[in-house]
Amino acid sequence: MSDRSAGCCDLPSKRRGIGFQPVGDFLIDIGRLEAYPTADDTNMMTLRILIVDDDRPARFAMAKALQQVECQITEAVDGRAALETIRNDIPDLVFLDLAMPGIDGQSVLSELGGGRSRCEIVVVTANDSIASAVDCMKLGAADYVTKPYEVAHLRAIARRTAR
């Protein structure tokens, strides 16, 4: 027996409850006005995601978090590897860290951003500065997520991109 309102989405159990209302294939967080796709999304294409972070545990954790989304994940350890990967095979979605040795995330954004890239770029960083977020958005980032992030938020971004 399946209860669509209990356990139907990727939100932690403490977040499911009074503030969430089911609307079609989404649960709407009334308090934060955010929509989270439900886990029974069956009409999604296979999404190609590139995770760019110099920290191996961070890449592993993000890949693990995105396992519930039907996707093919590629990893890059720095900006140079990310640019090479994107030039060879453009992914649908890039999760990009800013602080990396060599070519940093903002340089990658400068190279790919501003609508010149056919992939969606989401900055994922520990830097929660408003100025940094504004700079990244001006350079073409589709979203700016601060660490520690909510797994449900990353999955929602991936599912939104896949539609």
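Our structure is the block above this text.
Predicted, not measured: the structure shown is a model, and the values here were computed from it.

**Student:** Tell me about the nonpolar core, residues and numbers included.
**Tutor:** Ranked by internal contacts, the top residues of the largest apolar core, which has 20 residues, are V52, V94 and L96. If you list the elements that add at least two residues to this core, you get β4 (47-52), α2 (79-88), β6 (93-96), α3 (105-112), β7 (120-125) and α4 (130-138). Dropping the residues within four chain positions of it, L96 is found in contact with V52, G105, V108, L109, I121, V122, V123 and V124. Core analysis: the second largest hydrophobic core is formed by 16 residues, L93, V122, V145 and A158 among them.

**Student:** How would you summarise empty space enclosed by the protein if you had to cite specific residues and measurements?
**Tutor:** A full pass over the atoms with the stated rule returns one cavity of 30 Å³ or more. By volume, the largest cavity is sized at about 40 Å³. The wall of the largest cavity is formed by I51, V52, D53, A58, R59, M62, F95, L96, D97 and V124. Secondary-structure elements contributing two or more residues to the lining of the largest cavity are β4, α1 (56-65) and β6. A total of three residues in the lining of the largest cavity trace back to one element, the largest contributor, which is α1. Of the residues assigned to the lining of the largest cavity, the class counts are seven nonpolar, no polar and three charged.

**Student:** Which residues make up the sheet that holds strand β5 (residues 71-76), and what are the values?
**Tutor:** Taking strand neighbours across the sheet as the criterion, the five strands line up as β5-β4-β6-β7-β8 in an open arrangement whose pairing is parallel. Of all strands in the sheet, those bounded by a partner on one side alone are β5 and β8 (143-146). Sheet twist, expressed as the average angle between the axes of neighbouring strands with direction ignored, equals 20°. Summarising the sheet, β7 and β8 pair through four bridges and their orientation is parallel. For V122, the partnering residue across the bridge sits in β8 and is D143. The strands that α2 touches are β4, β5 and β6; relative to β4, the one it contacts most, it runs at about 160°. This element, helix α5 (residues 151-162), spans β4, β6, β7 and β8 of the sheet and lies at about 160° to β8.

Procedures and definitions
- Residues numbered from 1 in each chain as written.
- Predicted model: local features only at pLDDT ≥ 70, side-chain atom pairs only at ≥ 80, totals over all residues.
- Heavy atoms only, no water.
- Core = buried A, V, L, I, M, F, W, Y, C linked by side-chain atoms within 4.5 Å.
- Buried < 20%, exposed > 50% of the residue type's maximum accessible area, 1.4 Å probe, protein only.
- Helix = DSSP H or I, 4+ residues; strand = E, 2+ residues; numbered from the N terminus.
- Contact = heavy atoms within 4.5 Å.
- 1 Å grid on protein atoms, 1.4 Å probe; cavity = no way out; pocket = protein on both sides within 12 Å on 5 of 7 lines; lining within 4 Å.
- Points joined across faces, edges and corners; volume = space filled by probe spheres on them.
- Nonpolar A, V, L, I, M, F, W, Y, C, P; charged D, E, K, R; others polar.
- Pairing = 2+ DSSP bridges.
- Axes fitted to C-alpha atoms, helices over the stretch in contact; angles between N-to-C directions.

Any functional reading would require information that these geometric values do not contain.
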